[in-house]
Amino acid sequence: MEEIKRIKVKDLLGMAPGKEVLAKGWVRTKRGNKEIAFIALNDGSTINNIQIVVDKTATDADLLAKITTGACIAVRGTLVESIGSGQAVEVRAGEITLYGECDPMRYPLQKKDTSFEYLRTVAHMRPRTNTFGAILRLRSQMAFAIHDYFHSRGFVYLNTPLITAADAEGAGEMFQVTTLDLNNVPRNKKGEPDYSKDFFGRQTSLTVSGQLEGELGATALGEIYTFGPTFRAENSNTPRHLAEFWMIEPEMAFYDIKDNMVLAEDFIKSLVRYALDNCMDDIRFLNDRYDNTLIERLQGVVNTEFKVLTYTEGIEILEKAVADGHVFEYPVSWGIDLQSEHERYLVEHHFGRPVIMTDYPKDIKAFYMKQNDDGKTVRGMDILFPKIGEIIGGSERESSLEKMEARINELGMSRRTLEWYLDTRRFGSCPHSGFGLGFERLLLFITGMSNIRDVIPFPRTPKNAEF
Ligand code: 4AD
Ligand code: MG
């Protein structure tokens, strides 16, 4: 038999009928009658299946019996026009090869329970479902869109280290990295662990942000971005927090807070537009299946100007809402770190569009943010999104060595691990700004999913590191 090349389902569905083809994939469903079997075959290249039509009288019954949901097969046959509704073409099977059987009694996706909770317990298999196929394709497309956005604007992609001695956010939420024997930790005279005996000769952790190294890059290369895994040992069991998430952190020399905001708004709108322009099959599936306002919400963001307001103005609006009888779980007053209920009130209820909030109290923000002249606030900016809350966090950076040293001392942070960073302010310091976009928060928005565990293939959360 003449060898022919496998064609992906996505391409088969766009081809004209008439050709001899070879399709490979996993069986989604099999149904039929005495004479004919219809197999819906998917290979992950698209949300759509190709229909395989099998003449039962011409096919080995034992083989056909083994072709059950989840089984992997190759089908050689003719691409023909489909008479059934739902697809233009289908494959009239000639020869079928069974690569892998799939015991219906044991296959985890065979169960009636298709809840997201159940699927998280079989996260190693859930990419085989339509929903996770769509989400993971979108995730991949968005990663490409991010690189494309910065690449086309001349930003340099900078790889920052995952293992570090510095706490970039100063929040103490680091996972320690060590090769010390935990059953026999060497100790110094004070009785503390002796990290000079550790692998790196000092205490190290997984990074909470690539920003500090990103600033080194920006003050040399001009405009950089990072895109990589980030780790936070915060014990937040919420639908918006992961212990391991991916972050995109652009950092730009000579940008002030306004330039930073303009870039952030354009960036996020471009990504949403990219999704609408390039991933409509998957988005439409998610829209129709779970949330029929998804497409509208995505288009809404692309077409509206974000509302810029200061933290102080935001608090005033929230205080007025409380005075008018609106009940928040957490009390509102100047100085609080806004809760997601507050952010969502402003975005969804008050303004009805994304909000860029600026000039936060310095006590709730990181040490590196540029201090305002009022002595109370810093030039930070968060972008708040419908259904998500904070999706981007950023700021203009403090460029004065003196002010930054004062703030580090005031906060009692370890200076020793930041000396290299202070060199950016010591030698040729410049005004600069940057921000961080949580990749999974973006995906929550684009897919309409409500739990962050469902937009990353293998979620890491407190008490969960399986697969
Ligand atoms: O606001 P964050 O903590 O800011 C930074 O890390 C800065 N270094 C960014 C910068 O200016 N270069 O985090 C930035 C974003 C948040 O807005 C959120 O989208 C996401 O990262 N994020 C998380 N996403 C998932 N799980 C978590 N635990 C997250 N923590 C932050
Ligand atoms: Mg933040």
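Residues numbered from 1 in each chain as written. Chains lettered and ligands numbered in written order. Predicted model: local features only at pLDDT ≥ 70, side-chain atom pairs only at ≥ 80, totals over all residues. Heavy atoms only, no water.

A. Here's a closer look at the packing of helix α4 (residues 130–151) against helix α7 (residues 280–290). Look at α4 against α7: their axes get within 9 Å of each other, and the N-to-C directions meet at 135°. The pairing of α4 with α7 is recorded here as oblique in orientation. Our pair here, α4 against α7, has a crossing hand that is left-handed. From α4, N130, T131, A134, I135, R137 and L138 reach across to α7, where they touch D282, I283, F285, L286, R289 and Y290. Considering only residue class, the contact of α4 with α7 consists of seven nonpolar, two polar and three charged. (Axes fitted to C-alpha atoms, helices over the stretch in contact; angles between N-to-C directions. Helix = DSSP H or I, 4+ residues; strand = E, 2+ residues; numbered from the N terminus. Parallel < 35°, antiparallel > 145°, perpendicular 65-115°, else oblique. Left-handed = near helix turned anticlockwise from the far one by under 90°. Contact = heavy atoms within 4.5 Å. Nonpolar A, V, L, I, M, F, W, Y, C, P; charged D, E, K, R; others polar.)

B. A look at the pattern of salt bridges. One pass over the full model with this rule turns up 24 salt bridges. The salt bridge involving R126 is made with D454; its shortest N-O contact spans 3.2 Å. Note that R126 is positioned in the loop between α3 (116–121) and α4 and D454 in the segment after α13 (439–447), a separation of 328 residues in sequence. Just as R126 is buried, D454 falls in that class too. For R415, the salt bridge is made with E419, and the minimal N-O distance between the two is 2.9 Å. (Salt bridge = Lys/Arg side-chain N within 4 Å of Asp/Glu carboxyl O. Buried < 20%, exposed > 50% of the residue type's maximum accessible area, 1.4 Å probe, protein only.)

C. Region of interest: the pairing of strand β13 (residues 355–361). The element β13 is extensively covered by neighbouring structure, given that six of its seven residues are classed as buried. As defined by bridge partners, strand β12 (residues 307–310) adjoins β13 across four bridges and the pair is classed as parallel. By the bridge assignment, L309 is partnered in β13 with M357. Judged from the six bridges that link them, β13 and strand β14 (residues 377–385) form a sheet pairing that is antiparallel. (Pairing = 2+ DSSP bridges.)

D. View of a nonpolar patch on the surface. On the surface, L162, I163, F199 and F200 cluster together into a nonpolar patch covering about 390 Å² of accessible area. Locating L162 in the fold gives a position in the loop between β6 (156–157) and β7 (163–164). (Patch = residues over 30% accessible without salt bridge, like charges linked within 9 Å, V, L, I, M, F, W, Y side chains within 5 Å. Areas by Shrake-Rupley, 256 points an atom, 1.4 Å probe, with all protein chains shown as cover.)

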